[in-house]
Amino acid sequence: QSSFASDDANENDEDDNAWGKNYSDDDDGSVESFLSSCDSLVDISLAEEDDEEDVENCSGVKKLGSLVDDTRNKYLHAEYSSPKISMPPVTSTTNKSNPLGEPQRTLSSQRSMQSPDMSLGLSRPSIRKAKLFYKTHRPSRTKVFKASDTDFQKVQQSRSGTGYRLSIPGENEIEKYRLCGSYKHFDEFGVGVSLYFRQLILLFCVLFLCSLANINSIQSNSLFNPPKADGKISFLYGSVLGASRNDLSLRRQGSSDLFTCAILLLFTLMLNRFEKKNVEEIDVSQQTPKDYTVRIKNLPRCVTTKMLHDQFNKYGDIVLISIAVGNGDLLTTLRNLREINFKIDALHEKKTYMESRNRKPGTKLKTKIKELLLAEKKLSEKARRLSEKSFPPHTAFVTFNDESSQLHCLEDMSVGGEVQRLFLKFFALLGFCGNGKSVLKGKVLTVDVPNEESEIFYENLHVSYLRRLVGKATSYFFTGTLLALSFFILQSTMKKKDDSLMKTYLASFFVSAINGALPFTLKILTHVFEISLSYGDKQVSILMKLLISRCVNTAVLLYLVTDFYNYEDMFKKKTLHQIQGILLADCFTTPLVRIMNIPDKINRHLLSRFKTTQLEMNSIFKGTSWNLSERYTDMLKTLFVGLFYSTILPSSLLITATTMVVTYWVDKFCLFRIWARIPALDESLAKISRKMIVVCVWVHIIMARIFFANWPYATRSLHKSRCNIFWCSEPMENWTYDQRSVVTVYTNIGMLVFILIMVTFGWSNFYKVFRRTWCSNFSEVGGKTTNIQFRYLDGVTAYIPKIESRIYGTLIACTLNEVPIRYVPLRANVDRAELVNPEVMNLSSLHDLPWIKSDIERKQCFGICQFYPL
C-alpha cells in the first residue's frame, strides 16, 4: 500500500529498509522487490473494509474514545472546580503540570526555533493508524442523555430534538448513522444541510405531481410521434417529435401544462412558510453557541473583557466573552510558518534515519530542505515585522447562559438604523449619551446575531469591504469569460450536420463535462480572488456563480446556439436526444460518479505511499471534501433544465423527479459514509435556493409561451414568431385558435408572475434598506426559545478566535483565561491515543514568537477569551 505505511505490530528491518528506499536517489533496488516486501499491507483498504466490528474491536479506538469521554465529562458539571487553561508559554522540556498528561519533546532537528510537540507523530506513517483516524472522524452520533446522567438540563436537551447530536471525533459511545433513518437525523448536521435534504424530498413530491398532470399531454403527443423501424417505443415517446401546428390543443397540451404551472406557483407560495417552519423546528431540536451569543462590532480601541462584562451582565448570566483583533495577516503567517517547520522537521527526521542506516540522502531531499529553510526565514522575518504592529479590537462575542438573555440583549441594545446611529455618534462626540445602553467609551456598539462558531474566518475579519468587493468582481468576470468560451465551443459542435447517435450526444457530453469541471474551477477562482468573512459567505458566493454558470451552460446556451444556427431544426430528433441525454446524465451518471468516489480512492491507494508523516497521511483519510453550495446548484440546475424543456419534452418532469429521489439517497450515503465533516451552516443557502426556484418557475412560463407560439417545428414555410420575455407577435392568420388562446393565457400569467417577483424581491430589498437606514434589526431575530442553559450543553465549543491548518487542524489564536477544556476545540490524536494539548496548539506561544520573550507583549498581538464561572 505504501512505502511509509508500516504496521506497528510488524516494524521489522524489511520495513525499515523500504522506508529509506523511497528517499534515496542512488538506490538501485527494483520496484518489484520493494512491493513484494509490502504485500502484507496491500490488503488494508479503507474503501473496501467498512466493517464496524473491526473498529469496535480495536483497542486503540476504545482507548482514545474513553480518554476523550473521560476528559470532557470530567469537567461537564463542575466548572467551578475544573482545571482552567491559562496558556503559559510552552517550553521545549517536559511540562509536568500538563493538564492532559502529555509530555512535550524536542525534535531531533537542531534548528534555532524548535517547533512544539504537536502530537503529530514524525514517525513512519501507518495505514492502520490512518484507518483508525478515518473511523474516528467519520460522521457518527452520540446520545445527549446517557443512562449514567442525572442532570435535568441534559434531559431537556435530549427531549428537545432527536435525542442525539453529532459526535466529536474520538468519543467512545457513538452510533453509526443508519441509511434508512428518519430525515430528522440531518438536523444534527446543521440547518443548512437539513434544509437541503428536506427540499429534495419536497421537490420530488411536487415534480411527481407535475409529471402525473402531463400524462394527458404525453398521450396526445404520442399519436404523432414517428414509430421506430422495429416497432419499439422510442425514447422520445410523448415529445413534440413529428408535431404540426394543427396538433396543438388547448384542452390537451395546453391544459396539462397550465395545471403544471398552477402546481408550481402554489408550491412557490408555500415554500417560504415551509422554510420558516423547518428552520424553527431544527433550531429548537439542536442547540448551538449561536443561540446564546451576541456579536459586537465598532468596539473602542481600549476595550477589555471587564468593560464588556460590566456593559452586558445586566441582561443575564454571562459565560464567555471573546475579543478578536484584526491580526489576520499575522495569523496566516504564523500558520504557514508552523506548516513549513513541520515539513522541515519531517525531512530532517527522514535524513537522520537514512544516515543511521548508512544510506546517503539524495540530492532532491537536500534541495527540498534548503528551499523550505529559505521559505522559513522569509516567513519568520515577515512574522517579526507584523508582530511589531498594534492590532485594534475588531469583533467581540458575548455568550449568555440562556437564550432569553440573548433576546433581551438584542432588543435592548438595538439602536435602529444608520441614521439613528449617526445621531448617536454625533452626540457621543459631544459628550452626551456617555452612559447610553449601546454607547461604550464614545463608540456606538453594533450588536447582532453572529454566524455559527465553526464557520467564522477570524483571519479575514480585518479585510475592508472595498477589497472584498474587488475580489468578488474579479471572480465573476472570469466566470463570465468561461461561459463565453463554452458558448463558442458548443456553437461549433452544433454546426456539425451529422445526425449519427455519437454526434447527437456529443453536445450533451460536452455540457456534462463542463458542468463537472465548473465546481472545481469556480472554487479555485473563489479561493484565489475572493476574501470571505465566514464559511457560509464563501458557500453563498460559490452557489451564485455555480448556479448561474450551470443553468446558463446547460439550458440557455444550448437554446441560443441552436436558434443561432437553424431554428427549424431546434426540436428535431437530434436536439431532443441531446436534451434528454443531459437530464439522464444528471439522473444516473453524475450520482454514480459521486458515489464511486474515484479521486479519493486514488489519493488513498496511490498518493498515500508518498506521504512522509502520519499527519500527512491522515489528511488523505479525512474523507472527501464537498461543498453544500455545489449540492444546491446540482439540484437547482436539474430543476431548471427539466422545467425549461418540459413543454416539448413532458417526460423531463418524471426524469427530474427521479433525479431528486436518486440524489437524496446518494447524497445521504455520501454524507454518512464518504464525505468529510463541514462546519454547521445556517439557512442562507436555502433562502437563495427558494428564490431561484421561483425564477425557475417563471422561466418555465416564458419558455412554454415561446414553444407554443412556434409549435409547427417541422414546417419550414412559416417564419418563427418574434418572442421576448413578455410577449410573442405573429400575424394572427398563422396561428390556430388553440395556439392563439394558449399564447394569450401564458402571456398574462407570465406578466402576473413577473410583477409578483418584482414586488416580492423588490419590496424585500427595499424593506431591508429601509430597516437598515431607519429601523432596528431586532425583528430579524425570532423563533422559539428553550430553557436549556449553555453551561450544561453537551458537545459545543465557544467563540474562540482560531485559524484552520491543513496539517494541524485547528490552531488557537487568542489567550485563554480560565476557559474549561470542554469549550476548546480539541483534536484527538490517533497516533498516541490521547488528546492534543491545547497549549501547544496556540499561536501565542513562545515557539511561534521566540523574539518576544515577554508574555504580556505576546498577548497584545492576539485576542482573548475569558470564562466566568458561577
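As the structure is a computational prediction, the values presented were derived from the model and not from experiment.

As for the overall build of the protein chain
Okay, so step 1: Scanning the protein chain for helices and strands turns up 27 helices and 18 strands.
Okay, so step 2: Taken over 870 residues, the protein chain has a buried fraction of 55%.
Okay, so step 3: Element-wise, carbon and sulfur atoms account for 59% of the exposed surface of the protein chain, whose accessible area totals about 38,600 Å².

Notes on the pattern of salt bridges
Okay, so step 1: Inspection of every chain in the model, using the stated rule, returns 19 salt bridges.
Okay, so step 2: In this structure, Arg338 and Asp848 form a salt bridge, with 2.5 Å as the shortest nitrogen-oxygen distance. Of this pair, Arg338 sits in helix α12 (residues 328–356) while Asp848 sits in the loop between β17 (834–835) and α27 (855–859), and the two are 510 residues apart along the sequence.
Okay, so step 3: Arg338 gets classed as buried once you look at its relative accessible area, which sits at 3%.
Okay, so step 4: For Asp848, a relative accessible area of 4% puts it in the buried group.
Okay, so step 5: Here Lys523 and Glu630 are joined by a salt bridge, their closest N and O atoms 3.9 Å apart. Residue Lys523 is found in helix α18 (residues 506–529), and its partner Glu630 is found in helix α23 (residues 628–644); the two are separated by 107 residues along the sequence.
Okay, so step 6: Residue Lys523 is classed as partly exposed on the basis of its relative accessible area, which comes to 25%.
Okay, so step 7: Each of Lys184, Asp187, Arg198 and Glu281 takes part in one network of salt bridges that share partners.

Re the sheet that holds strand β5 (residues 318–325)
Adjacent strands of a sheet pair through backbone hydrogen bonds, lying either parallel or antiparallel.
Okay, so step 1: Reading across the sheet, the six strands line up as β9-β4-β6-β5-β18-β14 and stay open at both edges, with mixed pairing between neighbours. Two strands bound the open sheet, and with one partner strand each, they are β9 (446–448) and β14 (814–817). Strand-to-strand twist of the sheet, defined as the mean angle between neighbouring strand axes without regard to direction, takes the value 15°.
Okay, so step 2: Alignment of strand β4 (residues 293–297) against strand β6 (residues 393–400), held across four bridges, turns out to be antiparallel. The partner of Ile296 across the bridge, within β6, is Ala396.

Thoughts on the confidence of the model for the protein chain
Okay, so step 1: For the protein chain, per-residue confidence averages 75 on the pLDDT scale, and 71% of positions sit at 70 or higher.
Okay, so step 2: Looking at the elements of the protein chain, mean pLDDT is at its lowest for helix α3 (residues 39–42), recorded as 32, and at its highest for β5, recorded as 95.
Okay, so step 3: Across residues 1–121 the pLDDT falls below 50, and counting only partners more than four positions away or on other chains, this stretch makes 270 contacts in the model.

Details of the packing of aromatic side chains
Okay, so step 1: Tallied over the entire structure, the rule returns 27 aromatic pairs.
Okay, so step 2: Here the aromatic rings of Tyr664 and Trp665 are separated by 5.3 Å at their centres, their planes lie at 90°, and the arrangement is edge-to-face.
Okay, so step 3: Overall, the relative accessible area of 9% leaves Tyr664 in the buried class.
Okay, so step 4: Three or more aromatic residues link up through ring pairs in this structure, and these residues are Tyr177, Phe186, Phe189, Tyr196, Phe197, Tyr632, Tyr664, Trp665 and Phe672.
Okay, so step 5: The residue whose ring lies beneath Arg141 is Tyr164, and the NZ or CZ to ring-centre distance is 3.8 Å.
Okay, so step 6: When the ring centre of Tyr134 is taken as reference, the NZ or CZ atom of Arg604 above it lies at 4.8 Å.

Here's the deal with helix α10 (residues 250–285)
Okay, so step 1: The terminal C-alpha atoms of α10 lie 49 Å apart, and with 36 residues this matches the ideal 52 Å at 1.5 Å per residue to within 8%.
Okay, so step 2: At Met270, α10 is bent by approximately 35°, the largest bend along its length.

Re a nonpolar patch on the surface
Okay, so step 1: Together, Leu592, Ile595, Met596, Ile598, Ile602, Leu606, Leu607 and Phe610 make up a nonpolar patch on the protein surface, roughly 700 Å² of accessible area in all.
Okay, so step 2: The biggest single contributor to the nonpolar patch is helix α20 (residues 573–596), with three residues.
Okay, so step 3: Relative to the elements of secondary structure, Leu592 occurs in helix α20.

What to know about the packing of helix α8 (residues 191–213) against α23
Okay, so step 1: It is the contact of α8 with α23, at a shortest axis distance of 10 Å, that shows an interaxial angle of 15°. If you check the angle between α8 and α23, you find them roughly parallel. Crossing of α8 against α23: the hand is left-handed. Contact with α8, carried on its side by Gly192, Val193, Leu195, Tyr196, Gln199, Leu200, Leu203 and Leu207, involves Leu628, Arg631, Tyr632, Met635, Leu639 and Leu643 of α23 and no other residues of that element.

A look at the packing of α23 against helix α24 (residues 651–674)
Okay, so step 1: Running from N to C, α23 and α24 point in directions that differ by 170°, and their axes come no closer than 8 Å. Taken together, the axes of α23 and α24 are roughly antiparallel relative to one another. The two elements α23 and α24 meet at a crossing, and its hand is right-handed. Contacts between α23 and α24 pair Arg631, Met635, Thr638, Leu639, Gly642 and Leu643 from the former with Ser652, Leu653, Thr656, Thr659, Met660, Thr663 and Asp667 from the latter.
Okay, so step 2: Of the residues in the contact of α23 with α24, the class split is five nonpolar, six polar and two charged.

Brief notes about the state of the cysteines
Okay, so step 1: Counting across every chain of the model gives zero disulfides.
Okay, so step 2: No disulfide involves Cys261; its sulfur sits 8.6 Å from that of Cys210, the nearest cysteine.
Okay, so step 3: In this structure Cys261 comes out as buried when scored by relative accessible area, which is 2%.

Quick notes on the nonpolar core
Okay, so step 1: Counting residues in hydrophobic clusters, the biggest one holds 87 residues, and the most contacted among them are Tyr632 and Leu671.
Okay, so step 2: Those elements that place two or more of their residues in this core are α8, α10, α19 (535–565), α20, α23, α24, α25 (684–709) and α26 (737–774).
Okay, so step 3: Sort the elements by how many residues they give to this core and α25 lands first, with 17 residues.
Okay, so step 4: Ignoring anything within four residues of it in the chain, the contact list for Tyr632 reads Gly192, Leu195, Tyr196, Gln199, Leu543, Leu685, Ala686 and Ser689.
Okay, so step 5: Listed in part, the 21 residues of the second largest apolar core include Phe342, Ala383, Leu811 and Cys861.

With respect to the pairing of strand β12 (residues 802–805)
Okay, so step 1: Pairing of β12 with strand β13 (residues 809–812) involves four bridges; the strand directions are antiparallel. Paired with Lys802 across the bridge in β13 is Ile812.

Some words on the environment of Leu846
Okay, so step 1: On the secondary structure map, Leu846 appears in the loop between β17 and α27.
Okay, so step 2: Placed twelve residues apart in sequence, Leu846 and Arg858 show a C-alpha to C-alpha distance of 8.2 Å.

Considering the side chain of Arg690
Okay, so step 1: Mapped onto the elements, Arg690 comes out in helix α25.
Okay, so step 2: Since its relative accessible area comes to 15%, Arg690 is described here as buried.
Okay, so step 3: Once residues lying within four places of it in the same chain are set aside, the contact partners of Arg690 are Gln199, Leu271, Asn272 and Glu275.

Description of α23
Okay, so step 1: Across its 17 residues, α23 extends 24 Å between first and last C-alpha, which sits within 8% of the 24 Å expected from 1.5 Å per residue.
Okay, so step 2: Of all 17 residues that make up α23, 17 are buried, and the element is covered over most of its length.

Observations regarding the side chain of Ser845
Okay, so step 1: Mapped onto the fold, Ser845 is located in the loop between β17 and α27.
Okay, so step 2: With a relative accessible area of 4%, Ser845 lands in the buried category.
Okay, so step 3: In this structure the side chain of Ser845 is engaged in a polar contact, spanning 2.7 Å, whose partner is the side chain of Asp848.

Thoughts on unusual backbone geometry
Okay, so step 1: With phi around 60°, Asn358 is a residue other than glycine that occupies positive phi space.
Okay, so step 2: Take Asn358: it is sitting in the loop between α12 and α13 (363–387).
Okay, so step 3: Of note in this structure, Glu818 is not a glycine but carries a positive phi near 60°.
Okay, so step 4: Structurally, Glu818 can be placed in the loop between β14 and β15 (819–820).

Brief notes about the environment of Lys370
Okay, so step 1: Following the sequence through the fold, Lys370 ends up in helix α13.
Okay, so step 2: Spatially, the C-alpha atoms of Lys370 and Ile344 are 9.1 Å apart, while their sequence positions differ by 26 residues.

Each value, and the rule that gives it
- Residues numbered from 1 in each chain as written.
- Predicted model: local features only at pLDDT ≥ 70, side-chain atom pairs only at ≥ 80, totals over all residues.
- Heavy atoms only, no water.
- Helix = DSSP H or I, 4+ residues; strand = E, 2+ residues; numbered from the N terminus.
- Buried < 20%, exposed > 50% of the residue type's maximum accessible area, 1.4 Å probe, protein only.
- Areas by Shrake-Rupley, 256 points an atom, 1.4 Å probe, with all protein chains shown as cover.
- Salt bridge = Lys/Arg side-chain N within 4 Å of Asp/Glu carboxyl O.
- Pairing = 2+ DSSP bridges.
- Axes fitted to C-alpha atoms, helices over the stretch in contact; angles between N-to-C directions.
- pLDDT = per-residue confidence, 0-100.
- Contact = heavy atoms within 4.5 Å.
- Phe/Tyr/Trp six-rings, centres within 6.5 Å; stacked < 30°, edge-to-face > 60°.
- Lys NZ or Arg CZ within 6 Å of the ring centre and 35° of its normal.
- Expected span 1.5 Å × (residues − 1).
- Bend = angle between axes of the 7 residues up to and from the residue.
- Patch = residues over 30% accessible without salt bridge, like charges linked within 9 Å, V, L, I, M, F, W, Y side chains within 5 Å.
- Parallel < 35°, antiparallel > 145°, perpendicular 65-115°, else oblique.
- Left-handed = near helix turned anticlockwise from the far one by under 90°.
- Nonpolar A, V, L, I, M, F, W, Y, C, P; charged D, E, K, R; others polar.
- Disulfide = S-S within 2.5 Å.
- Core = buried A, V, L, I, M, F, W, Y, C linked by side-chain atoms within 4.5 Å.
- Polar contact = N/O pair within 3.5 Å; in protein donor to acceptor, adjacent residues only side chain to side chain.

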